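# A structural walkthrough
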2 protein chains.
Amino acid sequence: MNNLLVAQSGGPTAAINATLSGVLHGVRASGKIDQVFGAKNGIEGVIKDHLINLNDILMDTGALDLLTCTPSSILGTCRYKLKECHQDEETYHKIITTLKKYEIKFFIYIGGNDSMDTVHKLSEYCIENNHDIKIMGAPKTIDNDLHMTDHSPGFGSAAKYIASTIKELACDIGAYDIPAVTIVEIMGRNAGWLTASAVLSRMNGGAGVDLIYLCEKEFDYKRFIHDVREKLSQKSGILIAVSEGIRDGSGAYVSDTISSGTVDIFGHKYIAGAARALEQLVRTEIGCKVRSIELSLMQRSASHLASETDIMEAMMLGQKALACALDGETGKMSVIKRISNKPYRVEFDSVPVHQVANKEKTVPIDWITPDDHDVTSDMIDYLLPLIQGEINLKYQNGIPRQFSL
Amino acid sequence: MNNLLVAQSGGPTAAINATLSGVLHGVRASGKIDQVFGAKNGIEGVIKDHLINLNDILMDTGALDLLTCTPSSILGTCRYKLKECHQDEETYHKIITTLKKYEIKFFIYIGGNDSMDTVHKLSEYCIENNHDIKIMGAPKTIDNDLHMTDHSPGFGSAAKYIASTIKELACDIGAYDIPAVTIVEIMGRNAGWLTASAVLSRMNGGAGVDLIYLCEKEFDYKRFIHDVREKLSQKSGILIAVSEGIRDGSGAYVSDTISSGTVDIFGHKYIAGAARALEQLVRTEIGCKVRSIELSLMQRSASHLASETDIMEAMMLGQKALACALDGETGKMSVIKRISNKPYRVEFDSVPVHQVANKEKTVPIDWITPDDHDVTSDMIDYLLPLIQGEINLKYQNGIPRQFSL
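Just so you know, these numbers come straight off a predicted model, no measurement behind them.

## With respect to the relation of the copies chain B and chain A
Mapping between the two copies of the chain is achieved by a rotation about an axis and a shift along the axis. Mapping chain B onto chain A is achieved by rotating through 180° and translating by 0.0 Å along the same axis, at an RMSD of 0.0 Å. Within this description, the copies of the chain are treated as partners about a two-fold rotation axis. The residues that chain B uses at the interface reappear at the interface of chain A in 100% of cases, marking a shared surface.

## Focus on the domain arrangement of chain A
Residues and elements named next belong to chain A. Structurally, chain A comprises domain 1 (3-141 + 302-358) and domain 2 (155-301). For domain 1 versus domain 2, the distance between C-alpha centres works out to 35 Å. Tallying the contact residues gives 13 residues for domain 1 and 9 residues for domain 2. Across the domain 1/domain 2 interface, buried area totals approximately 910 Å², and carbon plus sulfur atoms make up 54% of it. Interface area lost by domain 1 to domain 2 is led by Pro12, Ala302 and Leu305, which between them contribute 52%. Connecting domain 1 to domain 2 are 0 salt bridges. Run the count over domain 1 and domain 2 and you get 5 residue pairs in polar contact (both at pLDDT 80 or more). For the side of domain 1 that touches domain 2, the per-class residue count stands at 7 nonpolar, 5 polar and 1 charged.

## Notes on helix α6 (residues 113-128) of chain A
Residue and element names in this part refer to chain A. When the terminal C-alpha atoms of α6 are compared, their 23 Å separation across 16 residues agrees well with the 22 Å that a helix rising 1.5 Å per residue should span. Looking at the buried positions of α6, the neighbouring elements they touch are α2 (43-47), α5 (89-101), β4 (104-111), β5 (134-139) and β10 (332-340). In the segment just after α6, Asn130 is the residue with positive phi, at about 55°.

## Some words on the UniProt feature "binding site: Mg(2+)" (unreviewed entry) in chain A
Residues and elements named next belong to chain A. As annotated in UniProt, the feature "binding site: Mg(2+)" (unreviewed entry) corresponds to Asn113 in the numbering used here. Residue classification places Asn113 among the buried positions, given a relative accessible area of 15%. Residues in contact with Asn113, not counting those within four places in the same chain, are Asp145, Leu146, Val356, Ala357, Asn358, Lys359 and Glu360.

Criteria and thresholds
- Residues numbered from 1 in each chain as written.
- Chains lettered and ligands numbered in written order.
- Predicted model: local features only at pLDDT ≥ 70, side-chain atom pairs only at ≥ 80, totals over all residues.
- Heavy atoms only, no water.
- Least-squares fit on C-alpha atoms with pLDDT ≥ 70 in both.
- Contact = heavy atoms within 4.5 Å.
- Domains from an automatic or database assignment.
- Buried area = accessible area lost by both parts, 1.4 Å probe.
- Salt bridge = Lys/Arg side-chain N within 4 Å of Asp/Glu carboxyl O.
- Polar contact = N/O pair within 3.5 Å; in protein donor to acceptor, adjacent residues only side chain to side chain.
- Nonpolar A, V, L, I, M, F, W, Y, C, P; charged D, E, K, R; others polar.
- Helix = DSSP H or I, 4+ residues; strand = E, 2+ residues; numbered from the N terminus.
- Expected span 1.5 Å × (residues − 1).
- UniProt positions renumbered as here; feature names shortened; annotations may be inferred.
- Buried < 20%, exposed > 50% of the residue type's maximum accessible area, 1.4 Å probe, protein only.

What follows is the structure, encoded as structure tokens:
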């Protein structure tokens, strides 16, 4: 039997099910797979023998279309870090036992850099132990911090949500004529790609984001207050985007300025975010109306604003990973290579996964303006193609229809 | 000259520009108005003589279509409470001076119950002082707390955003198999309509909101923790919707349990929300993974998820207000009367504005389930028609196109 296993891992996105859908479309097109199984909750499902047969979905074009536009991971996810083989032989044994039991010849793991570490270790293990199982990774992360691929599925949709939402917030704030500061916190502990995408709120002219602070640059409180005062002297309502992971000169997270100094009525440490901390700072230092907003889980799960480009590429990367596995490749990840910006053209390829695993791709410092509170036109040229196009969403009862197992 | 003045007031919504667009469509259709002016920032713009001529927009069908789908108030807004005439004769004099200067015969004020108070006072003043100016209100509020109208423009779009977003969050949360609680805070200090709309996340089956707490009911901390524990015994990830204005048995806001007991590193009182307070409570009492999310300004400005029903009704109410003014009515507000739910049918009418001003329509207690943590099928029947249909949004550069003056 030529059976295939597919699994999803890491933080959910609006595009990870599109990659699964791409794998399933590839299975249909190739005619080379007998049975397709999905592991529940990533590699944990393989260890625990929690597999589901996906052949029914495979045959249902309507279901596949719905799956493509459904946010989060329908197979479930995990954050499981596989140890080195010599440290945990038992787990590797369990994994191989499951793979053998279901006669798996191909395994596609959709995820971020932790998942690629799993692909790397497992594929090495299979080669060393003569298990003929081809293991491929397919990239996924809203953070866009994966190396060797121009960008990662999930990022474009999150960026489109962020740009559109910031634009709408700018409209809201612009209705008032009193001095007010709104600080929007965007995901990204170490990579500022998502925060940078706030710049796209300005693309159609009119109101948009006023100040952008990425986690790649040291955050200077005094300079921040100076920047805010300067903007407030020009207009009444100003809008600021900050990465959740901004850090001050000592390397301490800005978010910790509240969480370390604050306890609630139960005496427990209060956990706030970077935007909350800056909200307090503006209140103290400037004293105007100030509000903080976290785009929280919405930015990664907002399929209703998914980028067509992102969803199509996510599918292609799933198909590419399958094609590579069928061609005998293992221990690799499918990637996007950008050929040109105008017109936007990409190619799909694969790279050895050890070049991707356990690394983080951050924003190039020269894509941040010298004043540290904006991004350059190079960044805009990079980002803009990734949010183009809208998906054909089906509504039912007034809300988007979604696939569920 | 038969000139018209229009203004917008109160918190922005996704539908208040649609009402303005409805007024302008009505002007075109009637042929009875010479010049149309917009006051900047509501009644403040009338007091300060900040008027803009809107005739150019009026003639541009493309601009009107774009305006209809643009969130927030393009004329700007204010929160101005007009005093009684005998307390502030000067302000009334300034208003009348502006109205006379621009030869205004009709004034349409789009807003919530504070704005309707202004319509009431001004129309009475005009009658008493023999100024022939017809003043009509058109309703607007995401809170849906206006009396005498079945529902208010802006509410349906916010409800559609909330239901869709909660559904997407439920997908996200459902991907994990560890116990986790997510608490979503929804706008509404005194009226729980918006929070109730979270129930619509369940309409298509599958994951949705698990517990709903409205501000109309006394919030019981012990019962809340009991409810959460019970749900956690049934499933791993649970999703809770709470009104920002929930209060405990003593009448104190839940949000104050943090803001009163917490200071930041600067020694300042920390302002949190109800969901943040409950997040802390769950962390202390249950100890599982817990997260709070505020839908913040997004819920009122998300035009990209506007309800077609809401936007169409918003336009109709603007047209109705104009038609009433042209018919000689004054001191009234245009309203929606629901004829039937299935099929959904409404009529438009007008009511004396003093029946609306300074009152708040809250959720009927018997639309909340006896266990206090959900809503009944009567509520669903009421809400469901209001979020139906999607608007034909124009995208440019990957984000929604919007009108700006």
